[in-house]
Amino acid sequence: DLLRGVTLEQELAKSGPLPSDRVRKIMIQVCAAVKYAHQHAVVHRDLKPGNIMLLENEVDFVKVLDFGLALIGESTRKITQSGEFWGSPPYASPEQVKGEDTDHRSDIWSLGVILLEMLTHEKVFQGKSVTAVMFNIVHGELPLLEKVEQPLRRILAKALEKDPDKRYQCVDDFLLALETI
């Protein structure tokens with residue numbers, strides 16, 4: 001498709017932190033798209049603001065782009081070997097950074113990082129090198145959570161659990177939490 005509009009990354013660079021109502025509206029649509037992919041056994045594995053398009057002439061109508069690194073189905077041959085990393089480090093889950101098996105919960109992590117960045121207009125995980133960013137993802141704290149009011153802080157804390165078993169177990173649960181605030 002030829003899409004006219006801006007990426008969420010471009011919008012954030014232009015606008016700074018977005019109002020929580022707008023953030024919620026955008027994220028609900030992104031979550032709905034990711035939920036649809038997950039229902040069809042597709043894990044995106046590269047969710048980031050640059051892969052989310054806000055269409056022109058619409059009020060924040062969202063398209064999720066670039067499923068080039070997606071893992072499709074459980075029996076499909078993986079495009080990465082064990083220990084290899086693909087994706088965008090600042091938005092990658094701890095298990096993805098460590099080269100472990102990833103599943104739909106890695107996308108939930110990435111959604112949490114995107115949500116926190118939209119609210120604060122700050123990179124969630126920073127460092128002087130890609131290695132430092134990846135180290136912070138695996139071992140670092142989340143001081144930006146303090147800048148977010150409840151109940152979004154509670155939702156983000158659960159989405160950004162380092163242990164995937166402690167995160168939301170499906171996008172539907174994350175989406176429901178966002179819809180009910």
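Shown above is the structure to which this text applies.
What comes next concerns the included structure. Since the model is a prediction, treat every value here as computed from it, not as a measurement.

**Some remarks on the pattern of salt bridges**
Right, so step 1: All chains considered together, the criterion is met by twelve salt bridges.
Right, so step 2: Notably, a salt bridge pairs lysine 48 with aspartate 46, separated by 3.9 Å at the nearest N-O pair.
Right, so step 3: Overall, the relative accessible area of 23% leaves lysine 48 in the partly exposed class.
Right, so step 4: Look at aspartate 46 and you get buried, because its relative accessible area is 7%.
Right, so step 5: Across the pair aspartate 165 and arginine 105 runs a salt bridge, and its minimum N-O distance is 2.6 Å. With aspartate 165 in the loop between helix H6 (152-159) and helix H7 (171-179) and arginine 105 in helix H4 (residues 104-120), the pair connects residues that are 60 residues apart, well separated along the chain.
Right, so step 6: Look at aspartate 165 and you get exposed, because its relative accessible area is 55%.
Right, so step 7: Classification of arginine 105 by relative accessible area gives buried; the value is 14%.
Right, so step 8: One salt-bridge network, in which partners are shared between bridges, spans Glu11, Lys14, Arg22 and Asp60.

**Quick notes on the environment of phenylalanine 125**
Right, so step 1: Within the fold, phenylalanine 125 resides in the loop between H4 and helix H5 (130-139).
Right, so step 2: Remark: the alpha-carbon pair of phenylalanine 125 and leucine 142, spanning 17 residues in sequence, is separated by 8.2 Å.
Right, so step 3: Those residues in contact with phenylalanine 125 that sit more than four places away from it in its chain are Pro90, Trp109, Val113, Val133, Asn136, Ile137, Glu141, Leu142 and Lys162.

**Side note on H6**
Right, so step 1: Those residues of H6 that fall on the buried side of the exposure criterion are Leu152, Ile155, Leu156 and Ala159. The buried side chains of H6 occupy one side of the element, clustering within an arc of 95° when seen end-on.
Right, so step 2: Where H6 is buried, its residues meet helix H2 (20-39), H4 and H7.

**Some points on the environment of glutamate 149**
Right, so step 1: If you trace the backbone, glutamate 149 turns up in the loop between H5 and H6.
Right, so step 2: Residues glutamate 149 and leucine 119, 30 residues apart in the sequence, show an inter-C-alpha distance of 10.0 Å.

**Regarding the sheet that holds strand S3 (residues 52-55)**
Right, so step 1: An order of S1-S3-S4 is seen for the three strands of this open sheet, with the pairing classed as antiparallel. Unpaired on one side and paired on the other, strand S1 (5-7) and strand S4 (62-64) mark the two borders of the sheet. Looking at each pair of strands side by side, their axes are set apart by 25° on average, direction ignored.
Right, so step 2: The pairing of S1 with S3 spans three bridges and is antiparallel. Looking at the pairing, glycine 5 lines up with leucine 55 of S3.
Right, so step 3: The strands touched by helix H1 (residues 8-15) are S1 and S3; relative to S1, the strand with the most contacts, the crossing angle is about 85°.

Conventions used here
Residues numbered from 1 in each chain as written. Predicted model: local features only at pLDDT ≥ 70, side-chain atom pairs only at ≥ 80, totals over all residues. Heavy atoms only, no water. Salt bridge = Lys/Arg side-chain N within 4 Å of Asp/Glu carboxyl O. Buried < 20%, exposed > 50% of the residue type's maximum accessible area, 1.4 Å probe, protein only. Helix = DSSP H or I, 4+ residues; strand = E, 2+ residues; numbered from the N terminus. Contact = heavy atoms within 4.5 Å. Arc of directions from axis to C-beta. Pairing = 2+ DSSP bridges. Axes fitted to C-alpha atoms, helices over the stretch in contact; angles between N-to-C directions.

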